[in-house]
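Structure at a glance
The primary structure of each chain is shown beneath.
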Amino acid sequence: MTNPVGKWWKTFKHSVAWRLLNIAQHGNQSERLKAVRQLAMIDHLKDWDFRHLAQICDARTAVSLARSGCDTRWFLPVFMHGQFMNPRGLLLELKTKLTELTKSNTCVSYFMKKYFTLNIDGLDPYTEAHYQIGTPIMTDDADLMKEIISFLHHITKDEGASKEFILKGGLKMLMELKKIFEEDKETLTTLCKTLANMSLAEDCLNDFFDSGWVGVLADWQTDHDMRLQVIASKVLANLDKDDPNNAEYPPNVYPLHPRLRTRNKPKGDVVFVHGLLGSVFITWRQKDKNYTSELGLYGKNAFYTSETDDVFLVGESKRLKVKNTRKMSSRVPQADKLKEELDQISDVATKELIAELKTSPELGADWEVVHPDVPLNGNEHCAGEFSVPGNKWDNMDRAEEYTNCWPMDWLPADFPNYRIIGIDYTSAVSEWSANFTKYCPCEKDHGQIDVRSTHLLERISRSKVGENRPVVWIGHSMGGILTKLILLKSLDNPDSQVQQIAKNTKGIVFLGVPHRGSPIAKWKQHMQVILSPSIEVKEMEEGAPRLLLWHTQFMQMLKSRLQNVNVVSIAEGSPTMLTTFKFPLRIVTEESANINYGDFYILKDDHLSLSKPVFKQSFLYQRLTEVVEKASQTSTPDEKDSNANSGNIFTALLRDLHKLLTIFERYSSTNITVNCKAK
């Protein structure tokens with residue numbers, strides 16, 4: 001016999017969820033936001049309850065739930081889940097879709113002629129599409145599919161091409177490609193970047209929902225691969241038009257924090273811009289004390305493929321290796337390890353001191369611990385905390401945690417109300433590894449710093465960076481040059497919204513930035529045949545006229561047109577090892593990194609390590625957080641105007657109140673005393 005109380009409780013739980021879903025679909029925006037927050041917290045329903053709710057859920061609510069961190073059972077399985085379209089049939093479908101785009105896109109024509117084999121031995125090698133379980137795929141077909149995904153990532157940067165491809169059923173084709181490359185994270189990363197481009201197309205939400213992508217993206221938000229987490233969050237943010245704090249994220253712009261919905265607008269923006277051969281997914285990883293950084297000139301860094309494949313995988317494997325090594329070392333008795341360390345010390349007093357420090361659970365306030373990366377030198381005006389009291393020191397030497405992106409993992413804990421953005425672009429040191437024209441000559445000049453900064457400014461402004469809030473920039477190497485040009489172009493832009501990017505800039509951190517050029521660019525005079533320097537390297541030649549002109553213009557802007565900008569410059573104190581030739585090289589000299597404005601430091605790190613703090617209680621990270629903290633305490637011009645206007649309005653209201661009370665006193669038999677002073 002069925003328990004009536006249990007039956008009532010099950011009906012009640014389902015009824016509450018159904019009613020909240022109804023409000024989320026048909027209420028006003030305020031009601032929808034509240035209902036979605038409640039729905040996202042539901043996790044106690046049975047699978048069939050979630051399946052029923054998912055069947056009646058609409059696209060807008062599904063995206064809202066995905067961006068609120070809901071249970072993934074809210075989403076229906078993808079079409080033909082567990083079955084695959086046969087590879088040759090899928091290639092035929094993709095060829096047909098791309099052929100239909102050739103009429104309006106010259107890039108497609110170029111790609112089809114170069115990469116797509118229409119006939120083999122006089123016969124069309126592709127067959128009609130059908131579904132099957134466990135379908136095998138030939139290496140050539142898999143390689144061609146990867147090329148197609150990479151090419152789609154290129155052409156979908158044009159929103160018109162994205163919309164046309166969506167209307168032709170392109171999202172369903174991409175879902176079939178996702179099934180085939182389920183275990184290939186690099187290919188999935190490029191595929192997800194393509195979806196991010198397509199999510200900017202007009203009125204595409206229902207297409208993403210109908211093809212099952214919303215549920216897949218919600219699942220990718222919690223994937224162990226950091227790249228899929230960030231890019232999936234970017235796609236959903238672009239689709240979420242019901243979020244009152246909504247901002248678009250075009251190509252090259254990635255939201256590192258927050259990646260889900262928030263109730264309040266961010267109080268500031270922190271923007272990270274990497275340098276040559278870098279990426280938002282590799283430049284900002286944590287430094288491993290036992291790891292020697294090396295610069296490879298011919299590493300895989302393709303323009304349209306997943307440019308971070310090799311380096312990211314090295315970092316990810318290193319993260320797992322460090323974790324496993326530390327786990328293994330933790331099995332060794334601590335007493336034995338301590339004895340081995342002490343046996344290597346000859347001085348008795350030093351041995352006793354180290355033994356006391358190692359065995360004490362914590363240091364007292366009378367101790368002062370110097371940061372492990374304390375600067376070797378600095379200018380006379382430099383400030384900052386170079387040490388920390390012993391009772392506040394958090395010894396991370398034996399910590400197992402390792403991050404591939406400290407701006408995403410560390411900064412949100414210190415600045416939860418700030419938005420953290422990573423700028424990503426592709427670059428190369430040598431033309432041998434620069435694939436700017438791999439699929440289409442249209443990208444030939446995009447490697448130029450001036451052209452690149454123009455594109456980045458346009459895309460950053462769409463993300464509402466600096467909209468009535470302070471901005472802090474962190475630029476590493478060439479990223480600092482791009483930061484300067486972005487600010488110069490922003491201030492000269494006729495659009496007042498774009499001007500806010502520069503006017504609201506309150507902090508800049510330059511990490512190994514070659515303001516006056518780099519000696520590495522001079523190699524073209526001696527090793528032109530071997531290296532064949534890329535266009536970026538040529539433009540950063542030491543003493544290059546355009547580079548010096550940009551720097552002069554930036555310094556004039558910094559001193560006359562911008563206000564209260566806190567600038568910190570950090571230079572490398574050690575040479576960087578080049579893997580190709582196995583010799584050290586000082587990539588950016590002290591003279592080139594010093595702008596003679598603000599604080600200037602020289603760290604013992606090499607060029608690549610300047611962007612990689614060893615842990616949170618390091619000088620590099622603490623100095624950066626000081627810049628962000630100071631920026632949060634300053635007011636933007638709009639805030640000052642707003643405060644002034646509100647003060648003027650308040651004063652005017654008080655004066656009007658005095659007049660009204662004076663008139664009232666004249667006609668009232670009751671004496672009224674007014675004692676109000678406008679301040």
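All values reported here derive from a predicted model rather than from experimental measurement.

A count of helices and strands for the protein chain gives 27 helices and 15 strands. Burial analysis of the protein chain (679 residues in total) assigns 51% to the buried set. Carbon and sulfur atoms provide 52% of the accessible area of the protein chain, an area that totals close to 32400 Å².

This part takes up unusual backbone geometry. The omega angle of the peptide bond from His 257 to Pro 258 is -10°, so this bond is cis rather than trans. Although it is not a glycine, Asn 468 sits at a positive phi angle of roughly 60°. Structurally, Asn 468 is set in the loop between helix H19 (449-462) and strand S10 (471-476).

Looking now at the environment of Arg 459. Examined against the element boundaries, Arg 459 turns out to sit in helix H19. A C-alpha to C-alpha distance of 7.6 Å links Arg 459 and Asn 252, two positions 207 residues apart in sequence.

Turning our eyes to something else, we now look at the packing of helix H7 (residues 139-155) against helix H10 (residues 185-198). At a closest axis distance of 8 Å, the pairing of H7 and H10 adopts a crossing angle of 30°. By the criterion of interaxial angle, the relationship of H7 to H10 is roughly parallel. Considering how the two elements wind past one another, H7 and H10 form a crossing that is left-handed. Facing Lys 146, Ile 149, Ser 150, Leu 152 and His 153 of H7, the residues of H10 in contact are Thr 187, Thr 190, Leu 191, Lys 193, Thr 194 and Asn 197. By residue class, the composition of the contact of H7 with H10 is 3 nonpolar, 6 polar and 2 charged.

This part takes up the pairing of strand S9 (residues 418-423). For a regular strand, side-chain orientation follows a simple rule: the groups alternate between the two sheet faces. Summarising burial for S9: 6 of the 6 residues are buried, a large majority. Every second residue of S9 is oriented toward a common face, with Tyr 418, Ile 420 and Gly 422 on one face and Arg 419, Ile 421 and Ile 423 on the other, all of them buried. Bridge analysis of strand S4 (residues 268-273) against S9 gives 6 bridges, and the strand direction is parallel. Looking across to S9, one finds that Asp 269 is bridged to Arg 419.

Before going further, it helps to spend a moment on the confidence of the model for the protein chain. Taken residue by residue, the protein chain gives an average pLDDT of 81. The fraction at 70 or more is 72%. Contacts for the low-pLDDT stretch residues 297-311, under 50 throughout, to residues beyond four places or in other chains number 59 contacts.

One pass over the full model with this rule turns up 0 disulfides. Here Cys 57 is not disulfide-linked; the sulfur of Cys 70 is the nearest cysteine sulfur, at 8.5 Å.

Here H10 spans 20 Å end to end across 14 residues, near enough to the 20 Å set by a 1.5 Å rise per residue. For H10, a buried count of 14 out of 14 residues is recorded, marking the element as mostly surrounded by other parts of the structure.

Moving on, we get to the side chain of Thr 403. Mapped onto the elements of the fold, Thr 403 is located in the loop between strand S8 (387-389) and helix H17 (406-409). Looking at Thr 403, its side chain comes within polar contact range of the main-chain nitrogen of Cys 405, at 3.0 Å. Excluding residues within four positions of it along the chain, Thr 403 makes contact with Arg 285, Gln 286, Asp 409 and Trp 410.

Turning our eyes to something else, we now look at the sheet that holds S10. The 8 strands lie next to each other as S3-S9-S4-S10-S11-S12-S15-S7, forming an open sheet whose pairing is mixed. Each edge of the open sheet is held by one strand with a lone partner, namely strand S3 (253-257) and strand S7 (377-378).

Here we come to the nonpolar core. Counting 107 residues, the largest nonpolar core has Leu 98, Leu 174, Phe 208, Trp 213 and Trp 220 as its most contacted members. Sequence-distant contacts of Phe 208, that is, excluding residues within four places in its chain, are made with Ile 166, Leu 171, Leu 195, Met 198, Ser 199, Trp 213, Val 214, Val 235 and Leu 239. If you look at the next biggest cluster of nonpolar residues, it comprises 42 residues, including Leu 487, Met 540, Met 555 and Leu 558.

Below, the discussion takes up the packing of helix H2 (residues 29-40) against helix H4 (residues 59-66). In a packed pair of helices, the relevant descriptors are the angle between the two axes and the axis-to-axis distance. For the pair H2 and H4, the least separation of the axes is 9 Å and the interaxial angle reads 60°. In terms of their interaxial angle, H2 and H4 are classed as oblique. Our pair here, H2 against H4, has a crossing hand that is right-handed. Side by side, H2 and H4 meet where Arg 32, Val 36, Leu 39 and Ala 40 of the first sit next to Arg 60, Ser 64 and Leu 65 of the second. By residue class, the composition of the contact of H2 with H4 is 4 nonpolar, 1 polar and 2 charged.

Within the structure shown, the criterion is met by 28 salt bridges. Across the salt bridge formed by Lys 185 and Asp 223, the nearest N and O atoms sit 3.0 Å from each other. Pair noted here: Lys 185 is in helix H10 and Asp 223 is in the loop between helix H12 (213-220) and helix H13 (226-239), with a separation of 38 residues, a long-range link. With a relative accessible area of 13%, Asp 223 lands in the buried category. In this structure, Glu 248 and Lys 241 form a salt bridge, with 3.6 Å as the shortest nitrogen-oxygen distance. For Lys 241, a relative accessible area of 53% gives the class exposed. What emerges from the salt-bridge pattern is a single network uniting Arg 67, Asp 240, Asp 243 and Arg 261.

Our next topic: the pairing of strand S11 (residues 505-511). The buried count for S11 comes to 7 of 7 residues, which makes it a mostly enclosed element. Where S11 meets strand S12 (residues 566-572), 5 bridges bridge the pair, whose relative direction is parallel. Within S12, the position partnered with Ile 508 by the bridge is Val 567.

This part covers the environment of Trp 18. Topologically, Trp 18 is positioned in helix H1 (residues 4-26). On the basis of relative accessibility, which here comes to 42%, the residue Trp 18 falls in the partly exposed class. Beyond its immediate stretch of four places on either side in the chain, Trp 18 contacts Leu 53 and Ile 56.

Parameters and conventions
- Residues numbered from 1 in each chain as written.
- Predicted model: local features only at pLDDT ≥ 70, side-chain atom pairs only at ≥ 80, totals over all residues.
- Heavy atoms only, no water.
- Helix = DSSP H or I, 4+ residues; strand = E, 2+ residues; numbered from the N terminus.
- Buried < 20%, exposed > 50% of the residue type's maximum accessible area, 1.4 Å probe, protein only.
- Areas by Shrake-Rupley, 256 points an atom, 1.4 Å probe, with all protein chains shown as cover.
- Axes fitted to C-alpha atoms, helices over the stretch in contact; angles between N-to-C directions.
- Parallel < 35°, antiparallel > 145°, perpendicular 65-115°, else oblique.
- Left-handed = near helix turned anticlockwise from the far one by under 90°.
- Contact = heavy atoms within 4.5 Å.
- Nonpolar A, V, L, I, M, F, W, Y, C, P; charged D, E, K, R; others polar.
- Pairing = 2+ DSSP bridges.
- pLDDT = per-residue confidence, 0-100.
- Disulfide = S-S within 2.5 Å.
- Expected span 1.5 Å × (residues − 1).
- Polar contact = N/O pair within 3.5 Å; in protein donor to acceptor, adjacent residues only side chain to side chain.
- Core = buried A, V, L, I, M, F, W, Y, C linked by side-chain atoms within 4.5 Å.
- Salt bridge = Lys/Arg side-chain N within 4 Å of Asp/Glu carboxyl O.

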